[in-house]
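For reference, the chains in residue letters:
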Number of protein chains: 2
Amino acid sequence: MNLILLFPDDFIAESRVQLTGRRLTHVKSVHRAKVGDTLTVGVAGGKTGRGLVTCLDDALELDVMLDVDPPPPLPLTLVLALPRPKVLNRVIAGVTSLGVKRIFLINAWRVEKSYWKSPRTRDDNLLAQRLLGLEQARDTVLPTIETRRFFRTFVEDELPAIAAGTLSLVAHPAAPMQAPRAVTQPVTLVIGPEGGFIEQELVSLTAIGFTPVAIGPRILRTETAVAAVIGRLF
Amino acid sequence: MNLILLFPDDFIAESRVQLTGRRLTHVKSVHRAKVGDTLTVGVAGGKTGRGLVTCLDDALELDVMLDVDPPPPLPLTLVLALPRPKVLNRVIAGVTSLGVKRIFLINAWRVEKSYWKSPRTRDDNLLAQRLLGLEQARDTVLPTIETRRFFRTFVEDELPAIAAGTLSLVAHPAAPMQAPRAVTQPVTLVIGPEGGFIEQELVSLTAIGFTPVAIGPRILRTETAVAAVIGRLF
């Protein structure tokens, strides 16, 4: 937790917050803070700054000064075939820490149906992972996550408008073209499931203007691939 | 497991292997293979190819054909301040999957002493994580991992020779220079602990020719940072 994220309900005065629960526990046990210490804070959706610890017992009280903009967002819309539950949390926290602000989790032929029933796909878990990502990167702006259970409906009816005006890429290990570098325009990036998209799915994506691109011959886990592609693109 | 890694002891004839244990279980429960199926295999340190399942009960027997080179290695030596145990496994498996072949795990001021006592730093665990990384990326060439408990001795006595003739970089979020892109020469990359190197450590590194470079204003987890930097560099 490199930043303590604050919400409207935390404020007990204009520049004073009172925290309990997970954030209190973390500040006590990991930061091992004491009265008089200063911690990095940020208000959800707003500025970041510093919080002076004025009280730390059953609750944590901070006098906060919020005057620094959060880091700039990545101009990237990420469309991810739902990863298996074991990696979903890391992927969501990871891409949030990298500054992605719009995420679609979609179905694909090689996404196992059982993945959609995992408790990790529930809103409360997806929110928790995004908060971890923001706290990691000292960001305050929560990415949106939308889920789409029908690949074809999503790709044909929604994705053209989502990707309009952006560089539209689909990561595909076998693609003859390597992913571009240091792009300056917004990007819509589609990442397939483990095992990749099937041919018909690739055809659907290329039909609406997506270009298959590779990042080398290696098969990477989703969380590794996404970070490597983002490092390359931006 | 996108590739089943084979070792000399697995061979019961020139092109036939017999496997038990983890690999057998994985092929049965995840691949759900049956006799007559073909699986991707590779011999440790050597070529990759295909294995035809000829028997699958208490043991898995494969007739193998090994005729494909593994993916090329990354020309990168990675020097990592020992990450906390919770992330160590993912970092090692992740950088192995990305093709790193030489890894040093070193001490630094902000590496907590307790990290070195974690069972995850034991050779057997570090080997297991590297094997997972190779299996993920269909690679066969095991990276070396060396540990160094004394930062200064390592940096002053060993690192100059390790980094000789390479582009020598230390990742540092506050550096004024951004990490280079698409480099064509070998790189030695030093990555600090959570919380970063202390000033004196940075001075030691710059004194032997390392250049501090940033990859944006965000504080990233080690596994995310390493993948993003590698995606950018290569």
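Above: the structure in question.
The residue count restarts for each chain, going from 1 along the sequence in the order it is written. Here the convention is simple: chains get letters from A, ligands get numbers from 1, in the order in which they are written. In keeping with the predicted nature of the model, local features appear solely for residues at pLDDT of at least 70, side-chain atom pairs appear and are counted solely at 80 or more, and the whole-chain, interface and lining totals rest on all residues.

J.: Explain the sheet that holds strand β3 (residues 16-19) of chain B here, please?
T.: In a beta sheet, neighbouring strands pair by backbone hydrogen bonds and run either parallel or antiparallel. All names here are of chain B. Two strands form a pair only when DSSP identifies at least two bridges running between them. Helix and strand definitions here come from DSSP, where helices need a minimum of 4 consecutive H or I residues and strands a minimum of 2 consecutive E residues; each element is numbered from the N-terminal end. One open sheet accounts for six strands, arranged β1-β4-β5-β6-β3-β2; its pairing is mixed. Only two strands of the sheet have a single neighbouring strand rather than two, namely β1 (4-6) and β2 (11-13). Each neighbouring strand pair of the sheet contributes to a mean axis angle of 40°, computed without reference to strand direction. As judged from the three bridges shared by β1 and strand β4 (residues 38-43), these two strands associate in the parallel manner. By the bridge assignment for β4, leucine 6 is matched with valine 43. A pair of residues counts as a contact when their C-beta atoms, built from backbone coordinates, are within 7 Å of each other. Lines fitted to the C-alpha atoms define the axes, with helices restricted to the stretch that makes contact. Angles between their N-to-C directions range from 0 to 180 degrees. Sheet strands in contact with helix α1 (residues 21-29) are β1, β3, β4 and β6 (60-68), and its direction is about 95° off that of β6.

J.: I keep staring at the packing of helix α2 (residues 85-98) of chain B against helix α6 (residues 222-233) of chain B and nothing clicks. Help me out?
T.: In helix packing, the relevant descriptors are the interaxial angle and the interaxial distance, both defined with respect to the helix axes. Residues and elements named next belong to chain B. The contact between α2 and α6 brings their axes to 9 Å, and the two run at 15°. Here α2 lies roughly parallel to α6, going by the angle between them. α2 and α6 meet at a crossing whose hand is right-handed. Within the contact between the two elements, α2 uses Val87, Arg90, Val91, Gly94, Val95 and Leu98 and α6 uses Thr222, Glu223, Val226, Ala227 and Ile230. Roughly parallel means an angle under 35 degrees; roughly antiparallel means over 145; roughly perpendicular covers 65 to 115; every other angle is labelled oblique. Crossing chirality is assigned from the near helix's rotation relative to the far helix, an anticlockwise turn below a right angle marking it left-handed and a clockwise turn marking it right-handed.

J.: So what exactly am I meant to see when it comes to the relation of the copies chain B and chain A here?
T.: Superposing the two chain copies requires a rotation about an axis and a translation along that axis. Overlaying chain B with chain A gives an RMSD of 0.0 Å, the required rotation being 180° about an axis along which the chain moves by 0.0 Å. This pairing of chains is accounted for by a two-fold axis. Both copies present the same face, since 100% of the interface residues in chain B are matched by interface residues at the equivalent positions in chain A. Copy-to-copy alignment: least squares on C-alpha atoms, limited to residues at pLDDT 70 or above in both.

J.: When you look at helix α3 (residues 123-137) of chain A in this model, what are you seeing that I'm missing?
T.: An α-helical turn contains 3.6 residues, so a residue and the one three or four places further along point in the same direction. All names here are of chain A. One fewer than the residue count of a helix, multiplied by 1.5 Å, yields its expected span. Spanning 15 residues, α3 covers 21 Å between terminal C-alpha atoms, matching the ideal 21 Å at 1.5 Å per step. Three or more residues of α3 are buried, namely Leu126, Gln129, Arg130, Leu132, Gly133, Leu134, Glu135, Gln136 and Ala137. Where α3 is buried, its residues touch β1 (4-6), α2 (85-98) and β9 (144-148). Following α3 by one or two positions, arginine 138 adopts a phi angle in the positive range, close to 55°. Exposure classification rests on a simple neighbour count of other C-beta atoms within 10 Å of a residue's own: a residue reaching 20 or more is buried, one at 12 or fewer is exposed, and one in between is partly exposed. C-beta atoms are placed from the backbone.

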